[in-house]
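Below are the chains, spelled out letter by letter.
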Amino acid sequence: MVTTATPTKVKGSGKSASAQQKIQELRDLYADAPELSRKALENVLQELTDQVAQTPPPPVESAGRAGSRLGKVSELTLIVPLAPGGAKRLRTFLRLLGGNLNGADKVGTVHDMRFVFLDNDTKLLFATAYDGEWDAYIDDFATKIPNAMDLLFCNAVGWPGIRSPKVKDWIVEHQISAEAWYVANPNLTVTEARRLERVGKAVEELLDKIG
């Protein structure tokens with residue numbers, strides 16, 4: 001006779017049970033970690049439990065073909081090999097601009113953009129946050145600042161040119177989606193943030209006059 005065990009009912013919702021499983025899995029993985037990290041885990045365990053089970057943050061979703069999105073904001077991270085002499089050319093160009101790529105304002109959806117040289121100038125990490133979907137973002141670069149994009153990325157191995165029909169495949173090949181991500185204001189686009197900044201400045205000026 002085969003006896004079928006009745007699953008023990010976990011108090012709370014299925015979401016809570018799932019959260020408890022994740023917490024236990026985390027504990028198991030940290031069992032052989034340094035003592036400092038084990039103590040840190042226990043110190044924040046209740047906070048983690050509350051965050052995961054009761055008030056979880058908004059989920060990180062897909063930005064489209066590649067990358068992650070949180071609210072209205074998406075991320076894109078590339079690690080690409082640099083051609084011989086590419087790092088020197090690119091670094092010289094970036095220093096000419098004082099490290100400030102404010103030409104990206106022409107795109108209108110860029111929150112931030114970073115160029116970081118890796119592995120003795122043999123690789124480039126390019127990271128950016130932007131509004132909306134992946135395909136529309138790449139299209140904006142191709143139509144609004146194509147020359148700047150080619151000037152920057154011609155230093156990477158295999159760059160086909162921003163106007164090439166192969167450029168999106170090249171980007172996806174080198175893109176790495178974020179495993180986790182934090183956005184302070186995920187529901188504010190660049191346009192909305194700038195509008196709020198203008199409104200805040202106007203209010204401050206008005207209060208100064210009144211005062």
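For the structure, check the block above.
Every chain begins its residue count from 1, and numbering advances along the sequence as written. pLDDT decides what is reported in this predicted model: residues at 70 or higher carry local features, side-chain atom pairs at 80 or more are listed and counted, and totals for whole chains, interfaces and linings draw on all residues regardless. Values reported for side chains reflect all heavy atoms of the structure, with hydrogen atoms and water molecules removed beforehand.

Asks: Talk me through the side chain of Ser74; I want residue IDs and the actual numbers.
Replies: Mapped onto the secondary structure, Ser74 falls in strand S3 (residues 73–81). Partly exposed residues are those whose accessible area sits between 20% and 50% of the maximum for their type, while under 20% is buried and over 50% is exposed, using a 1.4 Å probe and protein chains only. Residue classification places Ser74 among the buried positions, given a relative accessible area of 0%. We define a polar contact as two N or O atoms separated by no more than 3.5 Å, with the added condition that, inside protein, one atom must be a possible hydrogen donor and the other a possible acceptor, whereas residues neighbouring each other in sequence contribute only through side-chain atom pairs. In terms of polar contacts, Ser74 uses its side chain to reach the backbone carbonyl oxygen of Gly132, at 2.6 Å. Helix and strand assignments follow DSSP, with helices taken as H or I runs no shorter than four residues and strands as E runs no shorter than two, numbered in order from the N terminus.

Asks: Help me get a handle on the packing of helix H4 (residues 134–144) against helix H6 (residues 167–174), residues and values and all.
Replies: The description of two packed helices rests on the angle between their axes and on the distance between the axes. Structural elements are reduced to axes, namely lines fitted to C-alpha atoms, with helices fitted over the stretch in contact, and the angle between N-to-C directions of any two is expressed from 0 to 180 degrees. In contact at an axis separation of 11 Å, H4 and H6 are set at 120° when each is read in the N-to-C sense. Viewed along their axes, H4 and H6 adopt a mutual orientation that is oblique. As H4 runs across H6, the sense of the crossing is right-handed. Contact residues: Trp134, Asp135, Ile138 and Asp139 in H4; Lys168, Ile171 and Val172 in H6. Under this grouping Gly is polar, as are all residues other than the nonpolar Ala, Val, Leu, Ile, Met, Phe, Trp, Tyr, Cys and Pro and the charged Asp, Glu, Lys and Arg. Its residues assigned to classes, the contact of H4 with H6 shows 4 nonpolar, no polar and 3 charged. The labels follow the angle: roughly parallel below 35 degrees, roughly antiparallel above 145, roughly perpendicular from 65 to 115, and oblique for the rest. By convention, the crossing between two helices is left-handed when the near helix turns anticlockwise from the far helix through less than a right angle, and right-handed when the turn is clockwise. Every residue pair with non-hydrogen atoms within 4.5 Å of one another is taken to be in contact.

Asks: Explain empty space enclosed by the protein to me, and be specific about the residues and the numbers.
Replies: Space left empty within the atom packing is revealed by a probe, the size of a water molecule, rolled over the atoms. With a 1 Å grid spanning the protein atoms alone, the term cavity applies to any set of points in which a 1.4 Å probe fits but cannot get out, the term pocket to an open set with protein on both sides within 12 Å along at least five of seven lines, and the term lining residue to any residue with an atom within 4 Å of a point. Grid points are joined across faces, edges and corners, and a volume is the space filled by probe spheres set on the points. Evaluation of the coordinates by the stated rule reveals 1 cavity of 30 Å³ or more. Quantified by volume, the largest cavity comes out at close to 100 Å³. Along its surface, the largest cavity is lined by Leu76, Leu78, Phe126, Tyr137, Ile138, Phe141, Met149, Phe153, Trp159, Ile162, Trp170 and Ile171. For the lining of the largest cavity, the secondary structure elements donating two or more residues are S3, H4, helix H5 (146–153) and H6. For the lining of the largest cavity, the element with the highest residue contribution is H4, accounting for 3 residues.

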